[in-house]
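# Geometric and topological summary
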Amino acid sequence: MALWIVGVFALLGLGCVSSVQSTVSSGATIKEPPIINLDEDARDLREAMAGWGTHEDTLIDILTERSYDNRQKIARKYRSLYNRDLWTDVRAETKSYFEQVLEGMIFTHARFLAEEFYNAMKGWGTDEDQLILCLMLVINNQTLKADVKHEFTLLYKNANLEDMIRSETKGDYGDIETFLVNVLNFNQDTSERFSVESDLKALRSYMFSRTPQITAIVNLLTKRPLNHLAALQRKYYKERKEELHYRIEQIFSSDTEKGLVSLLSAASNYRRYLATELYNAMIVKGTNEDALTTIIVARADKDLEYI
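These numbers come from a predicted model, not from an experiment. (Residues numbered from 1 in each chain as written. Predicted model: local features only at pLDDT ≥ 70, side-chain atom pairs only at ≥ 80, totals over all residues. Heavy atoms only, no water.)

Here the focus is the overall build of the chain. Each helix and strand in the chain was counted, giving 18 helices and 2 strands. The buried share of the chain, reckoned over its 307 residues, is 47%. When contacts within the chain are restricted to residue pairs at least 6 apart in sequence, long-range pairs at least 24 apart make up 69% of them. Surface exposure of the chain reaches about 15,100 Å², of which carbon and sulfur atoms provide 47%. (Helix = DSSP H or I, 4+ residues; strand = E, 2+ residues; numbered from the N terminus. Buried < 20%, exposed > 50% of the residue type's maximum accessible area, 1.4 Å probe, protein only. Contact = heavy atoms within 4.5 Å. Areas by Shrake-Rupley, 256 points an atom, 1.4 Å probe, with all protein chains shown as cover.)

Shown next, in the form of structure tokens:
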């Protein structure tokens, strides 16, 4: 079995774990012993990577069986004991998706997602599906979104996340640039009040005109809070006896359709949206390792058990 899959199974709570454990928090799949020895964990990690060969089981056992706070403490303890960065040693000793899983367990949530955003855009071509997923993982947490932007700037030589998204998607068919930038910048905690009736009237006008007003639809849906979008969908269904996303799928294509449908799905039921993305990553078109790893690492400390 590939090592990264072993790591993912451990984060799902399917790996081999010690006999006495307690769940870290409600919904988290990470379980840890009731007593943690930071010095011992740091020493065991160093011994697992020092010298010839790497003891991958030790890396998995420690990094997937410690809470987020304790992993941060272990990383700091490792630095103080050995004057080395834990993530640097892990990166040197592992590779591919196994490396991605373990680094994700060491990094802060913001640092991990900043790298995931970058990885979706680096090199030749842009993975818009992964960009959309990363946005959905920060959409309802304004603090995390701001931290991701900050980490992105620190990591990539003062690069600006919004500017990079614009440069990577500019001119793409279907207003995907507008979708991505709007979702990135819209404050879900806004106190501004929106009218479901007014928005529904505007949407009907935009969607059922002879030539659907693509940009107007995108701007409306991406500049509304998730709870408002949920109410808008309920009202639309009550009036037309069909889901709003069906009409969106008829009007749009490719990446913008995927983005808008994801947004509407996340607004209706966020955990169901993530469950669907996990299923698609594992079943529908073969294994999408990037999406699978990103979701599991991002939610393992939070609510993965409920997804």
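That was the structure; now back to the text.
Attention now goes to the pattern of salt bridges. Using the criterion set out here, one finds 18 salt bridges in the structure. Of the charged contacts in the structure, one is a salt bridge between R79 and D85, with a shortest N-O distance of 3.6 Å. Judged by its relative accessible area of 32%, D85 is partly exposed. Note that R271 and D303 form a salt bridge whose closest N and O atoms lie 3.1 Å from each other. In this pair, R271 sits in helix α17 (residues 270-282) while D303 sits in the segment after α18 (289-299), placing the two residues 32 residues apart along the sequence. By relative accessible area, which is 5% here, D303 ends up buried. (Salt bridge = Lys/Arg side-chain N within 4 Å of Asp/Glu carboxyl O.)

Let us now look at the packing of helix α2 (residues 38-49) against helix α3 (residues 56-63). Here α2 crosses α3 at 155 degrees, and the two axes come no closer than 8 Å. When the axes of α2 and α3 are compared, the pair comes out roughly antiparallel. You can see that α2 and α3 cross each other, and the crossing is left-handed. Contacts between α2 and α3 involve D41, D44, L45, A48 and M49 from the first element and T58, L59, I62 and L63 from the second. (Axes fitted to C-alpha atoms, helices over the stretch in contact; angles between N-to-C directions. Parallel < 35°, antiparallel > 145°, perpendicular 65-115°, else oblique. Left-handed = near helix turned anticlockwise from the far one by under 90°.)

As a packed pair, helix α10 (residues 161-169) and helix α11 (residues 176-185) sit with axes 9 Å apart at the nearest point and diverge in direction by 170 degrees. In terms of orientation, α10 and α11 fall into the roughly antiparallel class. For the pair α10 and α11, the contacting residues are L161, E162, I165, R166 and T169 in the first and I176, E177, L180, V181, L184 and N185 in the second. For the contact of α10 with α11, a count of residues per class yields 6 nonpolar, 2 polar and 3 charged. (Nonpolar A, V, L, I, M, F, W, Y, C, P; charged D, E, K, R; others polar.)

On to the packing of aromatic side chains, then. Inspection of every chain in the model, using the stated rule, returns 6 aromatic pairs. An angle of 55 degrees between the planes, with centres 6.3 Å apart, marks the rings of Y118 and F152 as tilted. Of the two residues, Y118 is situated in helix α7 (residues 109-121) and F152 in helix α9 (residues 142-155); the sequence distance between them amounts to 34 residues. By way of ring pairs, the aromatic residues Y118, F152 and Y156 are connected into one cluster. We note R111 situated over the ring of W87; from NZ or CZ to the ring centre the distance is 4.8 Å. Seen from the ring of F107, R111 lies directly overhead, with NZ or CZ sitting 4.0 Å from the centre. (Phe/Tyr/Trp six-rings, centres within 6.5 Å; stacked < 30°, edge-to-face > 60°. Lys NZ or Arg CZ within 6 Å of the ring centre and 35° of its normal.)

We now examine a nonpolar patch on the surface. Taken together, the side chains of Y279, M282, I283 and V284 make up a nonpolar region of the molecular surface, amounting to roughly 400 Å² of accessible area. Here Y279 lies in helix α17. (Patch = residues over 30% accessible without salt bridge, like charges linked within 9 Å, V, L, I, M, F, W, Y side chains within 5 Å.)

Looking at the secondary structure, you find F186 in the loop between α11 and α12 (196-208). Excluding residues that lie within four positions of it along the chain, F186 makes contacts with Q142, K145, T222, K223, R224 and P225.

Should pLDDT be low for a region, the predicted coordinates there are not to be read in detail. Averaged over every residue, the pLDDT of the chain is 89; the share at 70 or more is 90%. Every residue in residues 16-23 is under pLDDT 50, and counting partners more than four places away or in other chains gives 16 contacts. (pLDDT = per-residue confidence, 0-100.)

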